[in-house]
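What follows is each chain in one-letter form.
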Amino acid sequence: MEKRATFSNKFLPYLLVAPQLAITLVFFYWPASQAVKESFFIQDAFGTTSNFVGLENYRTLFADPYYFHSMGVTAVFAIAVTFASLSIALLLAVQADRGIRGKMAYQTLLVWPYAVAPAVAGVIWIFLFQPSLGYFAHLVRALGVDWNPLLDGNQAMTLVVIAAVWKQISYNFLFFLAGLQAIPKSLIEAAAIDGARPTRRFWTIVFPLLSPTTFFLVVVNIVYVFFDTLGLIDAVTGGGPAKATETLVYKVFQDGKLGGDLGGSNAQSVILMIIVIVLTSIQFRYVERKVTY
Amino acid sequence: MASVLLDRVFKTYPGGFTAVKGVSFAVPDGGFCVLVGPSGCGKSTLLRMIAGLETISDGAVSIGDRVVNKVEPMDRDIAMVFQNYALYPHMSVYDNMAYGLRNLKTPEPEIRARVSEAARILELDDDMLKRKPRQLSGGQRQRVAMGRAIVRKPAVFLFDEPLSNLDAKLRVQMRIEIRKLQRRLKTTSVYVTHDQLEAMTLADMLVVMNAGRVEQVGAPLELYERPASVFVAGFLGSPPMNFLDGMIEKPGLVRLSGGGELAYDPAHFGPPLGAEVKAGVRPERVTFAKEGAGLSFALELVEELGLGQLVHGRVAGNDFTVALPASHNAPSGETQKLAILPDAVHLFDRKTGARL
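The rules behind the values
The written sequence of each chain sets the order in which its residues are numbered from 1. Each chain is given a letter, starting from A, and each ligand a number, starting from 1, according to the order in which they appear as written. Only residues with pLDDT of at least 70 get local features here, since the model is predicted, and only at 80 or more are side-chain atom pairs given and counted; chain-wide, interface and lining totals rely on the full set of residues. Secondary structure elements are defined from DSSP: runs of H or I of at least 4 residues count as helices, runs of E of at least 2 residues count as strands, and each element is numbered from the N terminus. We call a residue exposed when 12 or fewer other C-beta atoms sit within 10 Å of its C-beta, buried when the count reaches 20 or more, and partly exposed for counts in between; the C-beta positions come from the backbone. Throughout, a pair of residues is in contact if the C-beta atoms placed from their backbones lie within 7 Å. Throughout, the ten residues Ala, Val, Leu, Ile, Met, Phe, Trp, Tyr, Cys and Pro are labelled nonpolar, Asp, Glu, Lys and Arg are labelled charged, and all others, Gly among them, are labelled polar. We call a set of buried Ala, Val, Leu, Ile, Met, Phe, Trp, Tyr and Cys residues a nonpolar core when their C-beta atoms link them within 7 Å. Each domain's limits were defined by an automated method or a database of domain assignments. Two strands pair if DSSP finds at least two bridges between them. For helices, the axis comes from a line fit to the C-alpha atoms of the stretch in contact; other axes are also lines fit to C-alpha atoms, and the angle between any two N-to-C directions lies between 0 and 180 degrees. Throughout, the term roughly parallel applies to angles under 35 degrees, roughly antiparallel to angles over 145, roughly perpendicular to angles from 65 to 115, and oblique to all others. Crossing handedness is defined as follows: a turn of the near helix away from the far one that is anticlockwise and smaller than a right angle gives a left-handed crossing, while the clockwise case is right-handed. Each residue gets a pLDDT score, which is the predictor's confidence in that residue and runs from 0 to 100. In this analysis, the expected span of each helix is defined as 1.5 Å times one less than the number of residues it contains. The directions from the helix axis to the C-beta atoms form the arc being described. Note on bend: the value at a residue is the angle between axes fitted to the seven residues ending there and to the seven starting there.

Observations regarding the overall build of chain B
Of the regular secondary structure elements, chain B holds nine helices and 20 strands. Dimensions of chain B, computed from the C-alpha atoms along their principal axes, are close to 75 × 45 × 35 Å. When the 356 residues of chain B are sorted by exposure, 41% land in the buried category.

Put into C-alpha cells, the structure is as follows:
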C-alpha cells in the first residue's frame, strides 16, 4: 500500500518543491516567455534599438516559401528517423531478449552510441560518407550510386537520417528491452499452447503489450528530432545542400544566430514550440487511451 | 481423448541441477491425475514437460499413443491453465477464448458457437465476454482461463496450481466446479498443486512427489490409509500424522524411545525384533482414555475449530496432536492418557522411511 505523506507545516511542501519550481521557471518559462516577447519586436542591424511590430514577424514568416519548405523537411526527417530507429531498436531488443550467449556484452555495446556527443557523431558520419575519402562512400560508389551528399539533397537527407537513427537506437533499445522483459513469460507460453507460431505471437501478443513503451518512445523520438538534432545537422550538412536538410530548429538557429534576425527567429521558435505542444498533447489525448491496460 | 504416459522422465538443467529424476506413471484416458508435493519437488517442471514448455532431458512422454518429446506445444493437443491465468490483457474475454481457435483458422461462426457454449457452461454472461480481463474479479478470470482451455476441446487439460491466487472461500468453490466440469467433459487432466486437501478432493489418481522423485501413486484414500513412506504419511492429512520413534520389542509392541509403549497390529506389519521404527498415528484416530494405562499426553494448547477441536501436546518427547470431533468436551487437566487402537498405528523404517 502506498502511503501519502502529510505535512502539518503549511510552508514545508512549498519549500520542498521550490528548487524544482525555480529551475523550471528560470530555465524553461523565462526563456520561453522572452522568446514570445521578442517575437513581437524587430531589432535594428546593430542591436541597439528594438521596435514593437506586433505580428509583423509572423506575417513575414508565413509569406516565406522557405519556411514551408523547412516544415516539409522536418516532417520527412521526423517520420524517417522515428520509424527507422524504433523498428531497428525493436528488432535488436527482441534478439537480445531471447537470452542469447553474451547478452550483457551485447547490451552494453549497443548502449554506447548514446554516450557520443551529437557533433562528434556527426563528424564520424561525415568521415564515413565523405564523397572522396569516406569508407562507406567508397562502398556505395562501388554499388554504382553516384554518391555525393554535398550536392545531392536526398543523399544529404539520407545521411543525417542515418546519423540520427544511429544515435537514437541505443535509447530506444533500452526501453524496448525493459518493456519486453516486463511481459509475463506465461502469456507467451499460453499463446504457444494456443497454437500461435513465433511471428504471430509477436504481432498479436508482444507488440500490442509493448504499445505503451512504443507510444512513449514515439513522443520522445519526435521531440528529439525536432530539437536535439541541431548539432548533428550543423556538423554533417549545415542545413544544405540548398536547404535540403534545413529543419525548423536549424532554421531558427540559422536565421537568429547567423542571420541576425532575432525577431523572426523568435517567432519561428514560438511556432516550433506550439507545434511540439500540439503534437504531444494529441498523442497523449488520443493515442494513450488505446494503449493502457 | 487420450491417456498420458511418462516413462523414466528426467529433467537436468544446463547448470547440472536435476529437477526430475526418473518419473514414470500413466494417467488413463479420462482420468484426473493430481501431482502434489512441496515447493521445488519438480511437479511444475514435470507438468511443463508434458506441455512442451520444457525440454525432456531423458525418458519419454506420450500423449495418446504418440511420443511427444519433440512435438511443439501447439501440436500436442493440450490446453493449459496457468497459476496467474495468463489472460491476454489487451483482448476482450471473448477474444481471449477465441484466440486459440482463430490460430487454427476455425470459421468465425463455429468460434462463436464454441465460445458461447463454453461461456454457458462456466456461467459467463454476454456482458462479461465484452470486458477486458482487468475488469474481472479473480474468480471470473479463473473461469475465463478455464473457458480458454475448454473451447479448444483438447485431449488433455493441464492445470498449474490454478487456484492458488484465489481466497480460501473461492478456492473451495472453484475446486468443486473444476471437478464437476472434468466429470462432465471426461477430458484427461493433469493437475499440479502443493495443497494436499485440493489434491485429495480432486484426484482419481494421486502422485506424491518429493525431491524430483515419485513417492507413491494411487487413489487418494489408498494413499491416505496406506502411505508407502513417512513422507507421504506426513504430507497427506491435516493436521499431519504424529510420529513417535521406537524399537520393536516383541511382535505387536513398540517400545518408544521417549518412554512408554505402543501396540500395533502384527497382522499388517512384520518388522524383525529390535528394528528401529517410526510409528505414525493420525490425529483423528486417537482419543483420550477415561482411565487405565495409556501413553501419557502433556497438554499444551486446545484449538477450537467449531467442527471439532485440535488438542496439541507432547508424548514421549515428541509433538503430538489429537483431533476430537465436536461432540467431545475438551480435556481439562495438564496430563491425559491416550487411547490408540492397534490398527491405527503405521510403522515405517526409521532409516529409509519406507513402510514396513
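Past the structure itself, the notes keep going.
Looking at the interface of chain A and chain B
On the chain B side, the residues contacting the 15 residues of chain A number 18 residues. Breaking the side of chain A that touches chain B down by element, the ones donating at least two residues are helix 8 (185-193) and helix 9 (198-228) of chain A. In terms of residues, the side of chain A that touches chain B owes the most to one element, helix 8 of chain A, which gives six residues. Broken down by class, the residue content of the side of chain A that touches chain B amounts to 10 nonpolar, two polar and three charged.

A closer look at the nonpolar core
B:Cys33, B:Val34, B:Leu35, B:Leu158 and B:Val190 are the most contacted members of the largest nonpolar core, which has 148 residues in total. If you tally residues by element for this core, the top one is helix 7 (residues 153-181) of chain A, at 11 residues. Counting only domains with at least three residues in this core, you end up with domain 1 (4-234) and domain 2 (240-349) of chain B. Discounting residues that sit within four places of it in the chain, B:Cys33 has contacts with B:Val27, B:Ser189, B:Val190, B:Tyr191, B:Ala203, B:Met205 and B:Val207.

A look at the sheet that holds strand 15 (residues 286-289) of chain B
Residues and elements named next belong to chain B. Pairing is antiparallel in the open sheet, where five strands are placed in the order 15-19-16-17-18. With one partner strand each, in any of the chains shown, strand 15 and strand 18 (318-325) form the two edges of the open sheet. In this sheet, adjacent strand axes meet at a mean angle of 50° when their direction is disregarded. In terms of strand pairing, strand 16 (residues 295-304) meets strand 19 (residues 335-340) through four bridges, oriented antiparallel. Within strand 19, the position partnered with Leu-295 by the bridge is Leu-338.

Overview of unusual backbone geometry
All names here are of chain B. Cis rather than trans, the peptide bond between Ser-238 and Pro-239 has omega equal to -5°. Position of Pro-239 relative to the elements: it lies in the loop between helix 9 (230-235) and strand 11 (242-250). A positive phi is found at Ala-211, a non-glycine position, where the angle reads about 50°. Inspection of the secondary structure puts Ala-211 in the loop between strand 9 (205-210) and strand 10 (213-218). A count of 14 C-beta atoms within 10 Å places Ala-211 in the partly exposed class. Even without being a glycine, Ala-316 presents a positive backbone phi close to 45°.

Concerning the packing of helix 3 (residues 65-97) of chain A against helix 7 of chain A
Residues and elements named next belong to chain A. Two elements in contact, helix 3 and helix 7, have axes separated by 6 Å at closest approach and are oriented at 40°. The pairing of helix 3 with helix 7 is recorded here as oblique in orientation. Taken as a pair, helix 3 and helix 7 cross one another with a handedness that is right-handed. Of the residues contributing to the contact of helix 3 with helix 7, the split by class is 22 nonpolar, four polar and one charged.

Focus on the domain arrangement of chain B
All names here are of chain B. Looking at the assigned domains, one finds that chain B contains domain 1 (4-234) and domain 2 (240-349). Computed from C-alpha atoms alone, the centre-to-centre distance between domain 1 and domain 2 is 38 Å. Counting residues at the interface gives five residues for domain 1 and six residues for domain 2. Of the residues belonging to the side of domain 1 that touches domain 2, the class tally is three nonpolar, two polar and no charged.

Observations regarding the sheet that holds strand 11 of chain B
Residues and elements named next belong to chain B. The strand order across the open sheet formed by five strands is 13-12-11-14-20, and the pairing between neighbours is antiparallel. At either end of the open sheet lies a strand with only one pairing partner, and these are strand 13 (261-263) and strand 20 (345-349). Direction aside, the axes of adjacent strands within the sheet are offset by 40° on average. By the bridge criterion, three bridges tie strand 12 (residues 253-256) to strand 13 in an arrangement that is antiparallel. Residue pairing across strands places Arg-255 opposite Glu-261, the latter belonging to strand 13.

Brief notes about the confidence of the model for chain A
Averaged over all residues, the pLDDT of chain A is 81; the fraction at 70 or higher stands at 91%. For chain A, the element scoring lowest by mean pLDDT is strand 2 (residues 50-52) of chain A, at 74; helix 8 of chain A scores highest, at 91.

Here we look at helix 5 (residues 118-129) of chain A
Residues and elements named next belong to chain A. Between its terminal C-alpha atoms helix 5 stretches 16 Å, which fits the 16 Å expected from 12 residues at 1.5 Å a residue. Those residues of helix 5 that sit buried are Ala-121, Gly-122, Trp-125 and Phe-129. Mapping the buried residues of helix 5 onto a view down its axis gives an arc of 100°, with all of them on the same face.

A closer look at the pairing of strand 9 of chain B
All names here are of chain B. Counting buried positions along strand 9 gives six out of six residues, so the element sits mostly inside the fold. Burial of the side chains of strand 9 extends over both faces: Met-205, Val-207 and Met-209 are buried on one face and Leu-206, Val-208 and Asn-210 on the other. When strand 3 (residues 32-36) meets strand 9, the two strands line up parallel, connected through four bridges. Residue pairing for strand 9: Val-36 is matched across the bridge by Val-208. Counting the residues in the hairpin turn of strand 9 and strand 10 gives two residues, including Ala-211, whose phi is positive at 50°.

As for helix 9 of chain A
Every α-helical turn comprises 3.6 residues, leaving residues that sit three or four positions apart pointing alike. All names here are of chain A. Under the 1.5 Å per step criterion, the end-to-end length of helix 9 is only 37 Å for 31 residues, more than 12% shorter than the ideal 45 Å. Taking the largest bend as the criterion, helix 9 deviates by roughly 50°, centred on Ser-211, and proline Pro-212 comes between one and four positions later. Residues of helix 9 that are buried include every one of Arg-201, Thr-204, Ile-205, Leu-209, Leu-210, Thr-213, Leu-217, Asn-221, Tyr-224, Val-225 and Phe-226, and no others.

Details of the pairing of strand 20 of chain B
All names here are of chain B. Taking burial as the measure, the five residues of strand 20 include four buried ones, the bulk of the element. Judged from the five bridges that link them, strand 14 (residues 276-281) and strand 20 form a sheet pairing that is antiparallel. Bridged to Gly-280 within strand 20 is His-346.

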